[in-house]
Amino acid sequence: MTKRSVKIAPSILSADFSNMAAGVKRAEAAGADMIHCDVMDGVFVPNLTFGFKMIEDIKKSTRLPLDVHLMIVEPERYVERFVKAGADIVTFHIEACKSVPETLAAIKAAGARRGLVINPHTPVDGILPYLKDCDMVLVMSVMPGFGGQKFMPHVLDKVRTLKKIAVEKNYTFDIEIDGGITIENASEVKAAGVNVIVAGNTLFAAKDMKAAVEGLR
Ligand code: DX5
Ligand code: ZN
């Protein structure tokens, strides 16, 4: 595995919301591969963040792809608008969506990459029928809603299962992990089959973000 085969996606949930452009530029200068944007609605998760306008504004301050993680109910109502706002990848939770195939198709039709997210206690089984239509699968390793939580190692079994299926069926979806990733646990996460690492606290709390990005790689 080459160094570059793992992509690093800093989560701006840990950045200063009153100066988002600075946080995004800092991540870019540190060698990030994409910017992970956490959209929360206060219903699907017990926290609120931002919507289309923030994505639009972030888009103006970086050339990096925007990886937009929707933690909202009825994501099907909003995916097109997030793509229009500048999302390059849109992921939504299987737990929050009643029309998964239509939502995946809507993201693709709007011109972005599509992904499904599963919570730490959601089995892989429910997403199996949709894997052939996914560009990314995001496995949550904390309960969504907040940064800085502790990594739940049991989710790595799901990563291994997904990796095995991808190899067997020749699927090309990325496997992303989100929540509690540190320089210490990054190796086992990568060994399990993850190729996109989201990190909020580990990167934004680092004195030297570049060194932290390299540490995660
Ligand atoms: C949690 C978010 C994450 C969060 C990760 O609901 O989806 O993206 O920012 O933060 P850390 O890396 O600090 O756990
Ligand atoms: Zn996230």
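Up top you'll find the structure we're talking about.
One structure accompanies this document, and this report is about it. Everything quoted here is computed from the prediction, not taken from an experiment.

Parameters at a glance
- Residues numbered from 1 in each chain as written.
- Chains lettered and ligands numbered in written order.
- Predicted model: local features only at pLDDT ≥ 70, side-chain atom pairs only at ≥ 80, totals over all residues.
- Heavy atoms only, no water.
- Buried < 20%, exposed > 50% of the residue type's maximum accessible area, 1.4 Å probe, protein only.
- Helix = DSSP H or I, 4+ residues; strand = E, 2+ residues; numbered from the N terminus.
- Arc of directions from axis to C-beta.
- Contact = heavy atoms within 4.5 Å.
- Donors = N, O, S within 2.8 Å, 3.2 Å for Na, K, Ca; no water.
- Near = heavy atom within 4 Å.
- Polar contact = N/O pair within 3.5 Å; in protein donor to acceptor, adjacent residues only side chain to side chain.
- Areas by Shrake-Rupley, 256 points an atom, 1.4 Å probe, with all protein chains shown as cover.
- 1 Å grid on protein atoms, 1.4 Å probe; cavity = no way out; pocket = protein on both sides within 12 Å on 5 of 7 lines; lining within 4 Å.
- Sits in = over half its atoms within 2 Å of the grid points.
- Pairing = 2+ DSSP bridges.
- Axes fitted to C-alpha atoms, helices over the stretch in contact; angles between N-to-C directions.

1. Observations regarding helix α4 (residues 100-110)
Moving on, step 1. Every buried residue of α4 is accounted for by Val100, Thr103, Leu104, Ala106 and Ile107. All buried residues of α4 lie within an arc of 160° about the axis, which places them on one face of the element. In α4, the exposed residues that point more than 90 degrees away from the buried face are Glu102, Lys108 and Ala109.
Moving on, step 2. The inward-facing, buried residues of α4 contact α3 (79-85), β4 (89-93) and β5 (113-118).
Moving on, step 3. Directly after α4, the chain includes Gly111, whose backbone phi takes a positive value near 105°.

2. Details of the coordination of the zinc ion (ligand 2)
Moving on, step 1. Surrounding the zinc ion (ligand 2) are the protein donor atoms His36 (NE2), Asp38 (OD), His69 (ND1) and Asp178 (OD), which sit 2.0 to 2.3 Å from the metal.
Moving on, step 2. Binding-site remark: the zinc ion (ligand 2) is held by donors from one chain whose sequence spacing is H-x1-D-x30-H-x108-D.

3. Brief notes about the site of ligand 1
Moving on, step 1. Taken together, the neighbourhood of ligand 1 is formed by 20 residues, with Ser11, Gly145, Asp178, Gly180 and Gly200 sitting nearest.
Moving on, step 2. Gly145 has a polar backbone atom sitting 2.7 Å from an oxygen atom of ligand 1.
Moving on, step 3. Note that an oxygen atom of ligand 1 is positioned 2.8 Å from one of the backbone N or O atoms of Gly180.
Moving on, step 4. Across the complex, the protein chains shield 99% of the 380 Å² of accessible surface that ligand 1 would expose by itself.
Moving on, step 5. Mapping ligand 1 onto the cavity grids shows that it belongs to the largest pocket.

4. Observations regarding the sheet that holds strand β8 (residues 196-199)
Moving on, step 1. The sheet built from eight strands is open, its strands ordered β1-β8-β7-β6-β5-β4-β3-β2 with parallel pairing. Every interior strand has two partners, whereas the edge strands, β1 (7-10) and β2 (35-40), have only one. Each adjacent strand pair in this sheet contributes to an overall mean axis angle of 25°, direction not counted.
Moving on, step 2. Looking at chain direction, strand β3 (residues 66-71) and β4 are connected through four bridges and run parallel. In the strand pairing of β4, Val68 is matched with Val90.
Moving on, step 3. Contacting β2 and β3, helix α2 (residues 52-61) crosses the sheet at an angle of about 165° to β3.

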